[in-house]
Every structure is written in C-alpha cells, then in structure tokens.
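# Observations on the three-dimensional arrangement
Below are the chains, spelled out letter by letter.
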Amino acid sequence: MRRRQFLVLSAASVGGVLVYSLDRTVSRVSAQDKSAPEQNIRIPLRFFTASEALIVAAATARIFPSDESGPGAREASVVVFIDRQLAGPWGRDRHRYTHAPFDETAPEEFGYQGSATPQQIYRQGLKQLAGFDQLTASEQDAKLKLIEGGLFFNVLRRNTIEGMFCDPQHGGNVDMVGWQLIGFPGPRMTNFAEVDQYRGEAFRPKPVSLAQVAVHPNKPSEDET
C-alpha cells in the first residue's frame with residue numbers, strides 16, 4: 001500500500017471546503033470560520049497524488065468556474081468526487097466490457113471502445129498538464145484548448161459535470177451547491193404536504209440529499225467510493 005497523500009488547499013482560496021477525516025467523518029470548514037484551527041485543509045487522497053490533485057482541482061475550476069451566477073467546481077469539491085471515482089470500481093473499468101477487439105476510432109455514439117481504464121486515461125492525460133496549477137487563468141484556458149479534442153479532456157469534462165451535480169454522498173456537490181445553482185430539489189419522495197400551502201405560488205424547496213430522505217441510508221464501502 002502506498003503512503004497516503006493529501007490534497008492541501010488554503011481555506012481562504014476556496015471559500016470553504018469539505019473535509020474528509022481518516023475515520024471517514026465529514027465536515028465543512030469555511031474560510032470565514034475564525035475558529036478553524038488552521039487555514040490549510042488536508043484531504044486524504046485515494047487515487048491522485050497531491051500534485052495530480054492540484055492539477056485536477058485547477059483544471060476543473062476552469063471547466064466549471066465560479067462567477068457572478070454562483071459557485072463552481074472548486075466550491076463543489078469536484079476533485080474529491082473524481083478522486084473517489086477513480087479509486088473505486090469505475091476507475092478500474094469493473095463494469096465495462098474490456099476484451100478485444102478494441103477500436104480507438106469508434107464513432108462517438110458507440111461510446112468509448114478503447115483498452116485504457118479511466119485510471120490509465122487520467123494518469124497519462126495528467127502528464128500533459130504538468131505544472132498546470134502554476135499557470136495564470138488565461139494560460140490554463142489556452143492549455144486546455146490544446147487538448148479539448150482528446151479523450152482525456154472529454155472524460156475530465158464529463159466528470160466535472162458529474163461532480164457538480166451528483167448526490168453529495170459521492171464526494172462532490174458539497175452543500176448541494178450544484179443543485180441550488182439549477183434549482184434541483186434532490187430526490188424528494190413527495191410534495192404532497194406543500195400542495196395547499198404553495199397553491200398558485202412559485203415553490204422552490206431547499207435541496208435534500210439521498211441520505212436525508214432515505215429510511216436506511218446507504219453507506220458505500222471503501223471500495224465503492
């Protein structure tokens with residue numbers, strides 16, 4: 001087993017971040033929280049090295065940036081979502097048919113037909129972005145434009161969107177910021193109790209996660225997250 005690495009982020013630079021402790025408890029640390037014991041947040045990584053995680057955090061922040069309309073990939077901890085997915089069955093291609101023949105040039109509508117696993121796609125693709133997190137925003141955009149037609153960028157872009165709008169139990173969409181951004185209420189089982197109360201009025205409930213509505217919340221195993 002390799003030595004556990006951490007993604008170290010400044011709380012001030014991200015406006016707060018979801019913190020995963022070694023005992024799997026989760027807490028939200030805000031940059032404005034003066035009682036926080038330290039300004040640097042350490043997030044245990046399951047797949048990425050610390051340098052890879054910083055690159056992915058910077059790249060996803062350019063793909064889905066924060067702006068006047070709301071938070072982006074950095075606030076939603078998309079890098080944590082991607083790290084968890086790559087460390088689990090999806091990253092190892094456990095649920096995809098992975099036997100020959102392979103076709104790297106298959107039409108897009110057939111889906112990915114190559115031999116590389118998501119873990120291999122990321123490891124190879126991140127080599128193209130060495131030092132990415134040290135570039136200016138305009139330089140980062142130019143760098144991404146050079147690879148936007150390739151497999152790695154397409155996977156990264158898709159994972160960024162998934163991390164923004166997934167259920168929070170998967171590591172992304174922290175505080176359901178992605179759902180709040182688009183007005184998605186989460187997996188609400190019924191709105192029966194609100195029908196009469198909001199009759200004839202706009203109704204936009206506060207989002208709830210699957211864990212909040214499930215009678216017996218599902219707790220993914222270490223291998224599945």
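Here, every reference points to the structure presented above.
Now for a quick tour of the structure. Just so it is clear, the model here is predicted, and its values are computed rather than measured.

Let's shift gears to the side chain of D167. Structurally, D167 is set in the loop between α6 (151–165) and α7 (177–182). Given the relative accessible area of 12%, D167 is considered buried. Side-chain polar atoms of D167 contact the backbone nitrogen of L210, separated by 2.8 Å. Not counting chain neighbours up to four residues away, the residues in contact with D167 comprise G172, W179, S209 and L210.

Counting residues in each nonpolar core, the largest one holds 35 residues, and the members touching the most others are F48, I82, Y122 and F152. For this core, the secondary-structure elements that each account for two or more residues are α2 (50–63), α3 (78–87), α4 (118–126), α5 (137–147) and α6. Examining the composition of this core, we find that 7 residues originate from one element, α3, more than from any other. Once residues within four sequence positions are removed from consideration, F152 is found in contact with I121, Y122, G125, L126, L129 and I147.

The buried fraction of α3 amounts to 9 of the 10 residues, a majority that puts the element mostly inside the structure. Those residues of α3 that fall on the buried side of the exposure criterion are V78, V79, V80, F81, I82, D83, R84, L86 and A87.

If you want to describe how two helices pack, look at the angle between their axes and the distance between the axes. Where α4 contacts α6, the two axes come as close as 9 Å, and the packing angle between them is 115 degrees. It follows from the interaxial angle that α4 and α6 lie roughly perpendicular. By crossing handedness, the relation of α4 to α6 is classed as left-handed. Along its contact with α4, which presents I121, Y122, G125 and L126, the element α6 presents L151, F152, V155, L156 and N159. Along the lines of polarity and charge, the residues of the contact of α4 with α6 split into 7 nonpolar, 2 polar and no charged.

How each quantity is defined
- Residues numbered from 1 in each chain as written.
- Predicted model: local features only at pLDDT ≥ 70, side-chain atom pairs only at ≥ 80, totals over all residues.
- Heavy atoms only, no water.
- Helix = DSSP H or I, 4+ residues; strand = E, 2+ residues; numbered from the N terminus.
- Buried < 20%, exposed > 50% of the residue type's maximum accessible area, 1.4 Å probe, protein only.
- Polar contact = N/O pair within 3.5 Å; in protein donor to acceptor, adjacent residues only side chain to side chain.
- Contact = heavy atoms within 4.5 Å.
- Core = buried A, V, L, I, M, F, W, Y, C linked by side-chain atoms within 4.5 Å.
- Axes fitted to C-alpha atoms, helices over the stretch in contact; angles between N-to-C directions.
- Parallel < 35°, antiparallel > 145°, perpendicular 65-115°, else oblique.
- Left-handed = near helix turned anticlockwise from the far one by under 90°.
- Nonpolar A, V, L, I, M, F, W, Y, C, P; charged D, E, K, R; others polar.

Function-wise, these values are silent; they only describe arrangement.
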